[in-house]
Amino acid sequence: MVLGWILGGFLAYWLLVVFLDARGVLERYNASAAGPLVMFRTGRGRGLLDRLAAPRRFWRVYANVGVGIAGLVMLLSFVFLLRIAHLSIFNTPEPTQITEPQNVLVIPGINDFLPLSVAPEILAGLLIGIIVHEFGHGILCRVGDIRVDSMGAVMLAVLPFGAFVEPDEEEVQNASSGDRTRMFAAGVTNNFVLTVVAFLLIVLSLTAVQPLDGVGVQNVADDSLADGVVEQGDRIVAVDGEEVGSTDAFFGALGGSAGGEVEVTVAAKDGATREERLEMGAPGVEVSSVRSDSAADEAGMQEGDVITAVGGEDVTNAEGFIAAMETLSPGDEVDIEVRREGETATVEATLGESPRGEGAFLGVGYLTNAQRVGITPYDIQTPYSLLTSLNPLDWVFAIYLPLGSAVGISPFFGFDGFITNFYGITGPAAALGGAYWIVPNLLYWTAWVNFNLGLFNCIPALPLDGGHILKEGLKKAVSPVASGEAREKVADSLTIAVAVAMFGSMVLMIVAPRVL
């Protein structure tokens, strides 16, 4: 119902913008409509551009470096997307969460990897990124003696949505190829530079933040052993009195406890600790799947069986099952004791060879200790170490932490929600309490938006900056064999061909796993 009112209000606003534009009302205020957006133009600010552009030698060197960076990103993106297209056609992958259509949209709440709670930070980062991007174009216009006709703001109702710089089109065409190329590259260069600045400020802001001890609880599966014992946002700091500082240490401490119970020390959201008893269930390894035509299948094993012994050796947990299998060889006949619907039975299996070519193979999938317990742990240290690093490669990894759940690592959406329970604010910043998280969060999403905005605009396809840079390069490349209008037509044709290949590859990446 609420969504309906929001959509209805947005549609009414859009119709109002169209009406005002058609009646010439917007024009009276030096504005125009672009869909639901209103673009307000002004001649003010051009003097500021002239002053900023005064150190022309610096800006030319700066933009030339940017052209090199943009060219490298363009080449890598072209090769990457063509490779994706090739794999999509000839080795079609299974659909993944990353390639779901809604995840192409950078819209919090719709994109699976961008929660609605981070929408304000993403919008703020986008606004900053667009302003910085457009100022880059404006400054390099003036460095190349290209007149700027107007500057302005883009508004969505009362919300600032972006900014723009409008150069004189005739002077753009009459400018040298080098000046045009630098002008097109300046925007993405500014976005990448802002990304670096934001990460440096993140490192500085996190000097007041420390990761807390223990293993974070990201989720607890319903009806699991841990359901009702711990909850999302808790930290498990000890098992049977022994401190656990990592996921491996935690599940390792539980490894030998099947059939009994352990005492876990839990730190709650408010920092208070409590002792909880965690029942570890009956001994054995629960079979989650049976591979067809395998030794287990031929022996009559079923999903839901609990393996309690292999070859006379008791099996209490997954580690014990693995150890028992490692002592056997392909072709061995072995008795497998299972518990099925409360009854104990023994089946005889002739073991096959592992698909990996190493050791014996029974052919069952089984629940690990982690799955039996039902706790999805949160890696507290990794996001912090990446965000406090001064290595740019770590920053690139940090950019893609929101995708963590799709690749088997803990996702990070900024210091938001339950994640803030795993970190403590120290020093003078502690006086701000939870409000301090606004600082690293705004910086993180500003870096995230600007990095991806720079990458996207580097795609060599018109009307993106990468497409314009590619066209300028192609015009130079074909100059020995064509000139004038012929050169323009050849460059346009090649640029369009590259654009079709790029966007076609992007579509294939999404569509192919679902139709081929």
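If you're wondering where the values come from, they're calculated on a predicted model, not measured in any experiment.

(A) Structural detail: the overall build of the protein. When helices and strands are counted, the protein shows 17 helices and 20 strands. In terms of overall dimensions, the protein is more spread out than a globule: its C-alpha atoms have a radius of gyration of 30 Å, far above the 24 Å expected for 516 residues. C-alpha extents for the protein along the principal axes are approximately 85 × 60 × 50 Å. Looking at the 516 residues of the protein, the share that counts as buried comes to 44%. When contacts within the protein are restricted to residue pairs at least 6 apart in sequence, those whose partners lie at least 24 apart make up 65%. Accessible surface computed for the protein: about 26300 Å², of which carbon and sulfur atoms make up 60%. Here the protein holds 29 positive side-chain charges and 59 negative ones, and the gap between their average locations is 23 Å.

(B) Expanded view of a negative patch on the surface. Taken together, the side chains of Asp213, Asp240, Glu242 and Glu243 define an acidic patch exposed on the protein surface. As for its placement among the helices and strands, Glu243 is situated in strand β8 (residues 242-243).

(C) Representation of the environment of Met74 in the model. Topologically, Met74 is positioned in helix α4 (residues 56-90). Between the C-alpha atoms of Met74 and His468, which are 394 residues apart in sequence, the distance is 11 Å. Residue contacts for Met74: discarding those within four places in its chain leaves Cys458, Pro460, Gly466, Ile469 and Leu470.

(D) Just the packing of aromatic side chains, in detail. Applying the stated criterion across every chain, the model contains 17 aromatic pairs. Plain terms: the ring middles of Trp59 and Tyr62 are 5.3 Å apart, the flat faces sit at 90° to each other, and that makes the pair edge-to-face. Taken together, the positions of Trp59 and Tyr62, both in helix α4 and three residues apart, correspond to about one turn of that helix. In this pair, the class of Trp59 matches that of Tyr62, namely buried. Ring centres 5.9 Å apart and planes at 75° place the aromatic pair Phe418 and Phe422 in the edge-to-face group. Each member of the aromatic cluster is reached from another via a ring pair, and the members are Tyr384, Phe412, Phe415, Tyr423, Trp437, Tyr444, Trp445 and Trp448.

(E) Examining the packing of α4 against helix α5 (residues 119-143) more closely. The geometry of α4 relative to α5 is characterised by a closest axis approach of 10 Å and an angle of 125° between their N-to-C directions. Comparing the axis directions of α4 and α5 gives the class oblique. For the crossing formed where α4 meets α5, the hand is left-handed. Mapping the contact onto sequence places Arg56, Trp59, Arg60 and Ala63 in α4 and Ile139, Leu140, Arg142 and Val143 in α5. Of the residues in the contact of α4 with α5, the class split is five nonpolar, no polar and three charged.

(F) Representation of unusual backbone geometry within the structure. The backbone of Asn30 sits at a positive phi, close to 55°, despite the residue not being glycine. In this fold, Asn30 is placed in the loop between α2 (25-28) and β1 (31-34). One non-glycine residue, Asp240, lies in positive phi territory at about 50°. Positionally, Asp240 belongs in the loop between β7 (235-239) and β8.

(G) Summary view of the pattern of salt bridges. Throughout the structure, instances matching the rule amount to 16 salt bridges. Asp168 is the salt-bridge partner of Arg147, the closest N and O atoms lying 2.5 Å from each other. Residue Arg147 is found in the loop between α5 and β3 (148-156), and its partner Asp168 is found in the loop between β4 (159-167) and α6 (169-174); the two are separated by 21 residues along the sequence. With a relative accessible area of 39%, Arg147 lands in the partly exposed category. Assessed through its relative accessible area of 12%, Asp168 is described here as buried.

(H) Representation of a nonpolar patch on the surface. A cluster of nonpolar side chains, namely Val193, Val197, Leu201 and Leu204, defines an oily patch on the protein surface of about 330 Å² accessible area. One can find Val193 in helix α7 (residues 177-205). Take Val193: its relative accessible area is 38%, and that puts it in the partly exposed class.

(I) Geometry of the nonpolar core. Leu387 and Tyr423 are the most contacted members of the largest nonpolar core, which totals 71 residues. Of the residues forming this core, the biggest block, nine residues, is contributed by α7. Setting aside anything within four residues of it in sequence, one finds Leu387 in contact with Phe199, Ile202, Val203, Leu206, Ala398, Phe412, Phe415 and Tyr444. Among the nonpolar cores identified, the runner-up in size contains 22 residues, and Ile307, Ile336, Val347 and Val364 belong to it.

(J) Quick peek at the pairing of strand β11 (residues 285-290). Across two bridges, β11 lies against strand β12 (residues 306-310) in antiparallel orientation. Bridge pairing in β12 places Val285 opposite Ile307. Across three bridges, the pairing between β11 and strand β18 (residues 364-366) is antiparallel. Bridge pairing in β18 links Val290 to Val364.

(K) View of the pairing of strand β6 (residues 215-220). Judged from the two bridges that link them, β6 and β7 form a sheet pairing that is antiparallel. Of the residues in β7, the one forming a bridge with Gly216 is Arg235. With four bridges connecting them, β6 and strand β19 (residues 375-378) associate as antiparallel partners. Looking at the pairing, Asn219 lines up with Thr376 of β19.

(L) Geometry of helix α10 (residues 318-326). Those residues of α10 not exposed but buried are Ala318, Phe321, Ala324 and Met325. Looking straight down α10, one finds that the buried residues subtend no more than 125° of arc, so they occupy a single side.

(M) How the structure looks around the side chain of Asn450. Structurally, Asn450 is set in helix α15 (residues 438-457). Among the polar contacts made by the side chain of Asn450, one reaches the side chain of Asn191 at a distance of 2.8 Å. Ignoring sequence-local partners within four residues, the contact set of Asn450 consists of Gly125, Gly129, Asn191, Leu194 and Thr195.

(N) Highlighting helix α16 (residues 465-477). With 13 residues, α16 should reach 18 Å at 1.5 Å per residue; the first-to-last C-alpha distance of 18 Å fits that figure. All buried positions along α16 are accounted for by Asp465, Gly466, Gly467, Ile469, Leu470, Lys471, Glu472, Leu474 and Lys475.

About the thresholds
Residues numbered from 1 in each chain as written. Predicted model: local features only at pLDDT ≥ 70, side-chain atom pairs only at ≥ 80, totals over all residues. Heavy atoms only, no water. Helix = DSSP H or I, 4+ residues; strand = E, 2+ residues; numbered from the N terminus. Rg over C-alpha atoms; globule rule 2.2 N^0.38 Å. Buried < 20%, exposed > 50% of the residue type's maximum accessible area, 1.4 Å probe, protein only. Contact = heavy atoms within 4.5 Å. Areas by Shrake-Rupley, 256 points an atom, 1.4 Å probe, with all protein chains shown as cover. Lys, Arg positive; Asp, Glu negative; His and termini not counted. Charge placed at Lys NZ, Arg CZ, Asp CG, Glu CD. Patch = residues over 30% accessible without salt bridge, like charges linked within 9 Å, V, L, I, M, F, W, Y side chains within 5 Å. Salt bridge = Lys/Arg side-chain N within 4 Å of Asp/Glu carboxyl O. Phe/Tyr/Trp six-rings, centres within 6.5 Å; stacked < 30°, edge-to-face > 60°. Axes fitted to C-alpha atoms, helices over the stretch in contact; angles between N-to-C directions. Parallel < 35°, antiparallel > 145°, perpendicular 65-115°, else oblique. Left-handed = near helix turned anticlockwise from the far one by under 90°. Nonpolar A, V, L, I, M, F, W, Y, C, P; charged D, E, K, R; others polar. Core = buried A, V, L, I, M, F, W, Y, C linked by side-chain atoms within 4.5 Å. Pairing = 2+ DSSP bridges. Arc of directions from axis to C-beta. Polar contact = N/O pair within 3.5 Å; in protein donor to acceptor, adjacent residues only side chain to side chain. Expected span 1.5 Å × (residues − 1).

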